[in-house]
Amino acid sequence: MTAPTVSAPSTPMAVPSVSAATAAAGTTTSPAPTRTAGSSGAVGTSRTRLEGRAKVTGAARYAGEVPFAELAYGWLATSTVARGRIRSIGAEPVLAMPGVLAVLHHENAPRLKPGVGMMGPDATLQILQDDRVPHVGWPVALVVAETPEQARAAAEALVVTYDEEPHDVGFSSGHPGLHTPDGGPRARTDTEKGDIEAELAASAVVVDEEYTTPEEYHTAMEPHAAVARWEDGRLEVIDSNQGSHAVAQDLAKLFFLDATSVRVRSEHVGGAFGSKGLMRPHLIVAAMAATMLDRPVRVVLTRRQLFSMVGFRPATAQRIRLGAEPGGRLRALDHDATSFSSTINEYVEQSAQPSRVVYAADALRTRTRVVRLDVPTPSFMRAPGWAPGSFAIESAMDELAEKTGLDPITLRLRNEPEVGPASGLPFSSRNLIPCFEEGARRFGWTDRDPRPGTRRDGRWLLGTGMAAAAHSAGTAPSSASITAEADGTFTVRIAAADIGTGARTALTQIAADALETPLKTVRVKIADSDFGPAFLAGGSMGTASWAWAVTEAAAALREKLALVDQIPGEGTTARADTTELVMAMRGQERYAFGAQFAEVAVDVASGEVRVRRMLGTFAVGRVVNPLTARSQLIGGMIMGLSMALHEEGIRDTASGGLVNGDLAGYHVASNADVPVIEAGWVDDPDTYNPTGIKGLGEIGIVGVAAAIANAVWHATGIRHRSLPIRLDRVLTAGTAIENSIGGGAVTY
Amino acid sequence: MNPTKSSAISLRVNGETHSLTVDNRTTLLDALREHIDLTGTKKGCDQGQCGACTVLLDGRRANSCLQLAVAAEGRAVTTIEGMADGERLHPVQQAFLDFDGYQCGYCTPGQVCSAVAVIEEHAAGWPSAATADIRPETGPPPLDDNEIRERMSGNLCRCGAYVSIVRAVAEAAAQAAAVRESAGDTTPDGGSGSGTVPAGGSGARVTA
């Protein structure tokens with residue numbers, strides 16, 4: 001769900017925002033808030049997905065599934081060394097293999113325009129342009145053949161030799177290469193308020209710990225796929241991405257084409273989680289090959305290639321220092337976050353973000369450092385910064401609760417800020433406390449015995465834990481058009497993407513209400529760059545941004561229709577673009593909030609941790625479709641469970657490659673890992689964006705790993721500060737509880 | 001070995017016979033997707049780890065990415081496209097739609113094929129790793145949530161739709177049991193699809 005956005009990864013202040021005055025003016029000059037609450041009442045009611053029938057029957061075609069006559073198949077060959085230069089590419093014997101049409105590499109591939117990128121120059125787009133190898137798994141050649149079997153065999157037969165150079169893939173918080181990144185104005189890496197050292201020195205209670213999270217991978221079920229072809233002078237592309245318009249823009253620039261000469265469509269997308277936000281190599285090489293061969297070319301990444309070419313969440317090491325009064329009030333909060341990027345792009349995992357938002361402290365300091373390693377370029381993965389950052393700060397808060405003898409919720413209530421702790425700006429809304437209260441009630445938190453290791457079920461030690469969650473809820477410019485058809489129906493066109501979020505259905509509900517027409521009279525067409533600029537399905541900003549454009553277009557259309565006696569055959573169309581409205585937003589911080597609760601069972605003999613139940617209560621603004629909203633929140637929570645217990649990309653320092661780059665080695669939660677999970681929400685009115693929508697694609701994952709780690713402490717008395725909480729880590733750490741198996745550390 | 005060697009085969013898919021010439025290296029999955037244009041069966045990993053390519057082979061679920069097309073000759077292949085009865089969805093498909101047992105939809109065809117087989121495997125009395133008592137005389141275990149989770153764990157869903165998938169499978173299983181009971185079939189050890197779900201094996205969890 002996560003993607004590059006105009007605001008993320010960024011400081012809260014960077015979210016395009018409306019000042020209090022502007023917001024107030026907006027509500028009087030713009031009827032938008034009432035537009036979405038139109039008479040048909042579609043918004044707020046549960047609707048099954050409009051494309052649901054196509055998905056359950058297999059009729060929905062994803063990017064790699066659209067047939068074309070004369071289709072050729074491309075297969076990437078990737079580097080086997082972590083750093084160096086290509087010495088030779090043995091294309092000749094491969095070209096002689098059956099069915100092989102071309103071998104593209106840095107010496108014969110079309111030249112691309114340098115400096116192109118959605119968020120600034122992106123060196124990962126410069127595929128097959130030079131002999132430099134920046135990491136294991138970098139694309140070095142594309143083999144194109146008549147069939148996928150021929151292409152695969154030829155790519156595997158291609159011999160590439162390298163002049164290898166020494167590499168460094170080892171990350172730690174003590175790495176000498178750590179430096180302050182240039183985050184730019186929208187991605188502040190450091191904040192400082194008050195005298196952190198003085199407040200720490202004066203604190204009665206101090207927590208000072210390091211928390212680590214490993215490399216984590218999106219692993220969307222649909223591998224990235226694209227088919228490119230030239231048709232009537234246009235480069236026509238079907239691609240798996242989170243934003244067809246932005247990808248089309250970059251593709252045009254990269255190939256020195258007019259923006260109008262490129263069309264990108266992405267009707268169905270099989271999951272993304274951030275990995276399909278930016279243009280990726282499969283599309284670039286497909287476009288190259290289609291141009292060179294003048295026939296349609298499809299390139300689908302293999303599962304293993306996905307682990308080196310479409311981004312990942314970098315490992316983090318985060319030191320948290322908390323200083324508090326005996327009653328729990330924070331005097332000092334210091335969040336020092338480190339992570340890594342590649343040698344070619346400086347991606348920054350903004351893990352300190354939650355500490356600028358969630359708690360008040362007299363002194364507050366956040367720092368973000370990054371080191372460049374010979375690894376693939378990390379990228380946005382669901383709740384970038386927020387997810388790993390929340391593991392650190394929410395674990396530390398649980399440690400502070402233990403040290404102060406306070407209930408973890410009570411401790412948090414005592415540190416609830418009036419305004420943005422780092423920015424001093426007002427919150428557009430902040431309903432975190434109702435999340436705690438409602439969540440505690442539903443979960444049965446109130447009766448909890450705070451002492452660790454007091455509950456047991458046979459060989460299982462039981463514990464419960466909780467954590468707070470926050471995620472930015474920004475808005476980005478988008479455009480939409482709506483046509484009133486002569487037959488009384490309406491067609492909405494917007495370059496939105498439905499990557500599994502239910503956006504198609506939600507936008508239909510929004511449009512029906514805004515047009516005050518029954519749901520069945522509205523058809524929404526999405527994911528076509530020809531529909532004009534629209535923000536990505538990312539940063540939890542998609543639905544909020546698109547819905548605003550749709551409601552504005554509906555208002556414009558209704559004004560137009562009021563002046564028309566009869567709708568002409570081609571229909572009557574109105575367009576809207578929210579750029580000016582969004583750019584006028586200033587001066588407030590806007591977030592979704594939540595409270596996560598988990599109950600775990602820990603088998604200290606095997607080291608197994610089982611989550612028995614989870615509950616999340618969220619403040620996510622207006623909920624458009626409760627059915628799909630619940631699915632998305634629970635899906636985020638399951639990814640959080642997976643992050644807590646299973647996910648870990650293991651990099652081999654000798655080869656520089658990933659050891660476990662497939663779905664057998666890289667564990668994601670399976671059905672049997674997932675218990676009963678409930679997600680709900682509290683009232684959270686917030687018309688700072690007049691649609692009232694905050695977006696909920698990412699908030700679900702935030703805080704989950706901490707809630708589970710805190711529950712493991714409650715079960716065993718042992719803190720796990722490194723994710724995932726693997727069996728061997730539990731076994732090695734054992735339990736602090738007397739009379740348990742082994743009476744302490746269990747060794748076998 | 002000549003890597004270009006191909007074979008003329010006929011595949012029986014969803015009751016129809018297809019004659020095609022395939023590269024001997026062609027998997028059943030690629031034969032379905034690239035030769036017969038049945039793209040409902042998905043390629044998630046192409047190495048037997050994710051379950052997205054699950055089809056039914058002679059009524060039993062199999063990863064079609066691990067099966068060579070030439071080896072599937074003579075076997076009955078059922079794909080997601082063969083599940084619905086014309087316009088009427090299979091009860092498992094309907095339950096996935098109603099309970100929102102999916103998000104992006106990419107793992108869904110494999111999940112549905114697995115679920116159809118799970119319900120039959122269970123009804124036929126097959127135990128799973130979650131079955132507490134596997135003695136034949138105790139009869140089929142209740143198809144409770146843990147049984148469904150265990151039996152559906154060969155199909156990964158990265159969107160995290162598991163909670164709704166369990167509900168959908170339970171609902172469809174309860175419907176299938178009701179159909180069997182109304183048909184008067186109470187043979188506990190019948191063949192595929194003819195077993196009985198013990199009383200109490202369904203109701204409560206469907207309303208969860």
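Residues numbered from 1 in each chain as written. Chains lettered and ligands numbered in written order. Predicted model: local features only at pLDDT ≥ 70, side-chain atom pairs only at ≥ 80, totals over all residues. Heavy atoms only, no water.

- An unreviewed UniProt entry annotates chain B as Xanthine dehydrogenase YagT iron-sulfur-binding subunit originating from Streptosporangium subroseum.

- Looking at an unreviewed UniProt entry, one finds chain A named Xanthine dehydrogenase, molybdenum binding subunit apoprotein and attributed to Streptosporangium subroseum.

### Focus: the overall build of chain A
Item 1. Helix and strand counts for chain A come out as 18 helices and 24 strands.
Item 2. Taken over the C-alpha trace, chain A has a radius of gyration of 26 Å; the compact-globule value for 748 residues is 27 Å, and the two agree within 12%.
Item 3. Its C-alpha atoms give chain A principal-axis dimensions of roughly 75 × 70 × 50 Å.
Item 4. Pairs at least 24 apart in sequence give 82% of the contacts found in chain A among residues at least 6 apart.
Item 5. On chain A, roughly 23,800 Å² of surface is accessible, and the fraction owed to carbon and sulfur atoms is 51%.
Item 6. For chain A, the distance from the average position of its 70 positive side-chain charges to the average position of its 83 negative side-chain charges is 3 Å. (Helix = DSSP H or I, 4+ residues; strand = E, 2+ residues; numbered from the N terminus. Rg over C-alpha atoms; globule rule 2.2 N^0.38 Å. Contact = heavy atoms within 4.5 Å. Areas by Shrake-Rupley, 256 points an atom, 1.4 Å probe, with all protein chains shown as cover. Lys, Arg positive; Asp, Glu negative; His and termini not counted. Charge placed at Lys NZ, Arg CZ, Asp CG, Glu CD.)

### Regarding the overall build of chain B
Item 1. In terms of regular secondary structure, chain B is built from 6 helices and 5 strands.
Item 2. Put simply, chain B runs from its N terminus to its C terminus through helices and strands in the order β-β-α-β-β-β-α-α-α-α-α.
Item 3. In chain B, which comprises 208 residues, the proportion classed as buried is 55%.
Item 4. Considering only intrachain contacts with a sequence separation of at least 6, the fraction spanning at least 24 residues in chain B is 54%.
Item 5. For chain B, the exposed surface amounts to about 8,300 Å²; the carbon and sulfur share of it is 50%. (Buried < 20%, exposed > 50% of the residue type's maximum accessible area, 1.4 Å probe, protein only.)

### Focus on the pattern of salt bridges
Close approach of charged atoms lets side chains of opposite charge pair.
Item 1. Summed over the entire model, instances satisfying the criterion amount to 70 salt bridges over all chains.
Item 2. Put simply, K42(B) and E65(A) hold a salt bridge, and the shortest N to O gap is 2.8 Å. Highlighted residues: K42(B) in the loop between helix 1 (28-35) and strand 3 (54-57) and E65(A) in the loop between helix 3 (52-57) and strand 1 (72-78), drawn from two different chains. For the pair formed by K42(B) and E65(A), the shared burial category is buried. (Salt bridge = Lys/Arg side-chain N within 4 Å of Asp/Glu carboxyl O.)

### Focus: the domain arrangement of chain B
Residues and elements named next belong to chain B.
Item 1. Along its sequence, chain B is organised into domain 1 (6-82) and domain 2 (91-206).
Item 2. In this assembly, 16 residues from domain 1 lie in contact with 16 residues from domain 2.
Item 3. Of all residues in domain 1, K42, R61 and I80 bury the most surface against domain 2, accounting for 45% of the area lost on that side.
Item 4. Note that E121 and R61 form a salt bridge whose closest N and O atoms lie 3.1 Å from each other.
Item 5. Counting the contacts that link domain 1 with domain 2 gives 7 residue pairs in polar contact (both at pLDDT 80 or more). (Domains from an automatic or database assignment. Buried area = accessible area lost by both parts, 1.4 Å probe. Polar contact = N/O pair within 3.5 Å; in protein donor to acceptor, adjacent residues only side chain to side chain.)

### Comments concerning the sheet that holds strand 19 (residues 490-494) of chain A
Residue and element names in this part refer to chain A.
Item 1. If you walk across this open sheet you meet the 4 strands as 20-19-18-21, and the pairing is mixed. Lying at the two open borders of the sheet, with one neighbouring strand each, are strand 20 (522-526) and strand 21 (572-577). Strand-to-strand twist across the sheet, computed as the mean angle between neighbouring axes with direction ignored, equals 15°.
Item 2. Note: strand 18 (residues 479-484) against strand 19, 4 bridges, orientation antiparallel. Looking at the pairing, I482 lines up with V492 of strand 19.
Item 3. Across the face of the sheet, helix 13 (residues 503-515) comes into contact with strand 18, strand 19 and strand 20 while running at roughly 135° to strand 20.
Item 4. Against the sheet, helix 14 (residues 542-562) touches strand 18, strand 19 and strand 21, its axis set at about 140° to strand 21. (Pairing = 2+ DSSP bridges. Axes fitted to C-alpha atoms, helices over the stretch in contact; angles between N-to-C directions.)

### Side note on empty space enclosed by the protein
Residues and elements named next belong to chain A.
Item 1. Evaluated as defined, the whole model comprises 6 cavities of 30 Å³ or more.
Item 2. Estimated volume of the largest cavity: approximately 300 Å³.
Item 3. Looking at the lining of the largest cavity, the elements that each hand over two or more residues are helix 13, helix 14 and helix 16 (626-645).
Item 4. Broken down by class, the residue content of the lining of the largest cavity amounts to 12 nonpolar, 11 polar and 1 charged.
Item 5. Its boundaries defined by the atoms lining it, the second largest cavity holds a volume of some 100 Å³.
Item 6. Lining the second largest cavity are 14 residues, and of these T124, H135, S308, M309 and T377 lie nearest its centre.
Item 7. In terms of residue class, the lining of the second largest cavity is made up of 8 nonpolar, 5 polar and 1 charged. (1 Å grid on protein atoms, 1.4 Å probe; cavity = no way out; pocket = protein on both sides within 12 Å on 5 of 7 lines; lining within 4 Å. Points joined across faces, edges and corners; volume = space filled by probe spheres on them. Nonpolar A, V, L, I, M, F, W, Y, C, P; charged D, E, K, R; others polar.)

### Here's the deal with the packing of helix 13 of chain A against helix 14 of chain A
Residues and elements named next belong to chain A.
Item 1. Between helix 13 and helix 14, whose axes approach to 9 Å, the crossing angle comes to 30°. Relative to helix 14, the element helix 13 is oriented roughly parallel. Considering the relative orientation of helix 13 and helix 14, their crossing is right-handed. Of helix 14, the residues touching helix 13 (which contributes A503, A506, L507, I510, A511, A514 and L515) are T543, W546, A547, V550, T551, A554, L557 and R558.
Item 2. A class-by-class count of the residues in the contact of helix 13 with helix 14 yields 12 nonpolar, 2 polar and 1 charged. (Parallel < 35°, antiparallel > 145°, perpendicular 65-115°, else oblique. Left-handed = near helix turned anticlockwise from the far one by under 90°.)

### Examining the nonpolar core
Residues and elements named next belong to chain A.
Item 1. Counting 146 residues, the largest nonpolar core has L322 and I708 as the members making the most contacts within it.
Item 2. Looking at this core element by element, the count peaks at 10 residues for helix 16.
Item 3. With sequence-adjacent residues up to four places away left out, L322 is seen in contact with L200, V205, V206, V207, L330, A332, L333, I393, A396, M397 and L400.
Item 4. Judged by nonpolar contacts, the second largest core, of 67 residues, contains A151, A252, M279 and L306. (Core = buried A, V, L, I, M, F, W, Y, C linked by side-chain atoms within 4.5 Å.)

### Concerning the packing of aromatic side chains
Item 1. By the definition in use, this model includes 15 aromatic pairs over all chains.
Item 2. These aromatic residues form a ring-pair network of at least three members: F171(A), Y217(A), F307(A), F312(A), F340(A) and Y666(A).
Item 3. Positioned above the aromatic ring of Y102(B), the side-chain terminus of R49(A) is 5.4 Å from the ring centre.
Item 4. Over the aromatic face of F427(A) sits the side chain of R430(A), whose NZ or CZ is 4.8 Å from the ring centroid. (Phe/Tyr/Trp six-rings, centres within 6.5 Å; stacked < 30°, edge-to-face > 60°. Lys NZ or Arg CZ within 6 Å of the ring centre and 35° of its normal.)

### A look at helix 16 of chain A
Item 1. The first and last C-alpha atoms of helix 16 of chain A sit 28 Å apart over 20 residues, in line with the 28 Å expected at 1.5 Å per residue.
Item 2. With 19 of 20 residues buried, helix 16 of chain A lies mostly within the body of the structure. (Expected span 1.5 Å × (residues − 1).)

### Quick word on the side chain of T505(A)
Residue and element names in this part refer to chain A.
Item 1. Along the polypeptide, T505 turns up in helix 13.
Item 2. For T505, a relative accessible area of 2% corresponds to the buried category.
Item 3. Beyond its immediate stretch of four places on either side in the chain, T505 contacts R47, T48, R49, L50, E51 and N625.

### Focus: the interface of chain A and chain B
Item 1. At the junction of the two partners, chain A supplies 61 residues and chain B supplies 49 residues.
Item 2. For the pairing of chain A and chain B, the buried interface totals around 4,400 Å² over both sides, and the portion due to carbon and sulfur atoms is 54%.
Item 3. Counting the surface chain A buries against chain B, the share from its top three residues, V56(A), M221(A) and N671(A), is 19%.
Item 4. There are 8 salt bridges connecting chain A and chain B.
Item 5. Between R298(A) and E34(B) there is a salt bridge, and its shortest N-O distance comes to 3.0 Å.
Item 6. The tally of links from chain A across to chain B stands at 29 residue pairs in polar contact (both at pLDDT 80 or more).

### Things to note about the UniProt feature "domain: Aldehyde oxidase/xanthine dehydrogenase a/b hammerhead" (unreviewed entry) in chain A
Item 1. The UniProt feature table records "domain: Aldehyde oxidase/xanthine dehydrogenase a/b hammerhead" (unreviewed entry) at residues 57-166 of chain A.
Item 2. Across residues 57-166 of chain A, the secondary structure splits into 15% helix and 30% strand, with the terminal C-alpha atoms separated by 51 Å. (UniProt positions renumbered as here; feature names shortened; annotations may be inferred.)

### Observations regarding helix 5 (residues 162-182) of chain B
Along an α-helix, residues three or four apart share an orientation, since each turn contains 3.6 residues.
Item 1. With 21 residues, helix 5 of chain B should reach 30 Å at 1.5 Å per residue; the first-to-last C-alpha distance of 30 Å fits that figure.
Item 2. Among the residues trailing helix 5 of chain B, G184(B) stands out with phi positive, at a value near 75°.

### So, the packing of helix 2 (residues 91-98) of chain B against helix 5 of chain B
Residue and element names in this part refer to chain B.
Item 1. It is at 8 Å that the axes of helix 2 and helix 5 come closest, and there the two elements cross at 140°. The two elements helix 2 and helix 5 cross, and the hand of that crossing is right-handed. For the pair helix 2 and helix 5, contact is made by P91, V92, A95 and F96 and by I165, A168, V169, E171, A172 and Q175, respectively.
Item 2. A per-class count over the contact of helix 2 with helix 5 returns 8 nonpolar, 1 polar and 1 charged.

### What about the domain arrangement of chain A?
Accessible area lost upon the coming together of the parts serves often as the stated size of an interface.
Residue and element names in this part refer to chain A.
Item 1. Structurally, chain A comprises domain 1 (12-61 + 475-583) and domain 2 (63-78 + 83-166 + 218-309).
Item 2. For domain 1 and domain 2, the distance between their C-alpha centroids amounts to 33 Å.
Item 3. Here domain 1 and domain 2 share an interface that buries about 1,700 Å² over both sides, 50% of which is from carbon and sulfur atoms.
Item 4. The interface formed by domain 1 and domain 2 holds 4 salt bridges in total.
Item 5. D530 is the partner of R263 in a salt bridge, and the nearest nitrogen-oxygen pair spans 3.4 Å.
Item 6. Classifying every residue of the side of domain 1 that touches domain 2 by side-chain character gives 9 nonpolar, 4 polar and 7 charged.

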